[in-house]
Amino acid sequence: QLQASGGGLVQAGGSLRLSCAASGRTFSNYAMGWFRQAPGKEREFVAAINRSGGRTDSADSVKGRFTISRDNGKNTVYLQMNSLKPEDTAVYYCAAGRAILSTVIVVGSEYDYWGQGTQVTVSS
């Protein structure tokens, strides 16, 4: 089970940190990712991290502003979002996928489990 939290309303230029707490499985066996879906749009990849946390990837639209990290001791993955823009407004979902140690998963269909989503709204 994945439980996302940390969303909210923030002004443009502000910051938020999303958290996704995992339970029920060995967290360190899973690559993790964040995706988002804005109203009327397709779900899109935001950022991903491998099992150990040593490798990450992110979408061009968030590079330099968003940082994904994980704490395997706390079974939690984070998304630090800085310099937020109105176009970052979306429901953000975390996902977990079984993978070998070095793999970073950027394709949504390759994830096995999804959280319920947390709303992020950025006002201009």
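Note that this is a predicted model, so its numbers are computed, not measured.

For the rest of this paragraph, the subject is the nonpolar core. In terms of nonpolar packing, the biggest core is built from 38 residues, with Met32, Trp34, Leu79, Met81 and Tyr92 touching the most fellow members. Breaking this core down by element, the ones donating at least two residues are strand 1 (2-5), strand 3 (16-22), strand 4 (30-37), strand 5 (44-49), strand 7 (66-71), strand 8 (76-81), strand 9 (90-98) and strand 11 (118-123). Leaving out residues up to four positions away in the same chain, Met32 has contacts with Leu2, Cys20, Phe27, Ala48, Ile49, Ile68, Arg70, Val77, Ala95, Ala96 and Tyr111.

The next thing to look at is the state of the cysteines. Formally, a disulfide is one covalent bond, and it connects the sulfur atom of one cysteine to the sulfur atom of another. Enumeration over the complete set of coordinates arrives at one disulfide. Across the disulfide, Cys20 is cross-linked to Cys94 (sulfur-sulfur distance 2.1 Å). Disulfide Cys20 to Cys94: torsion about the S-S bond roughly 60°, handedness right-handed. One end of the pair, Cys20, is in strand 3; the other, Cys94, is in strand 9, with 74 residues separating them in the sequence. We classify Cys94 as buried; its relative accessible area is 0%.

Once that is clear, we can look at the side chain of Ser58. Position of Ser58 among the secondary structure elements: in strand 6 (residues 56-58). Owing to a relative accessible area of 16%, Ser58 belongs among the buried residues under this scheme.

Conventions adopted
Residues numbered from 1 in each chain as written. Predicted model: local features only at pLDDT ≥ 70, side-chain atom pairs only at ≥ 80, totals over all residues. Heavy atoms only, no water. Core = buried A, V, L, I, M, F, W, Y, C linked by side-chain atoms within 4.5 Å. Buried < 20%, exposed > 50% of the residue type's maximum accessible area, 1.4 Å probe, protein only. Helix = DSSP H or I, 4+ residues; strand = E, 2+ residues; numbered from the N terminus. Contact = heavy atoms within 4.5 Å. Disulfide = S-S within 2.5 Å.

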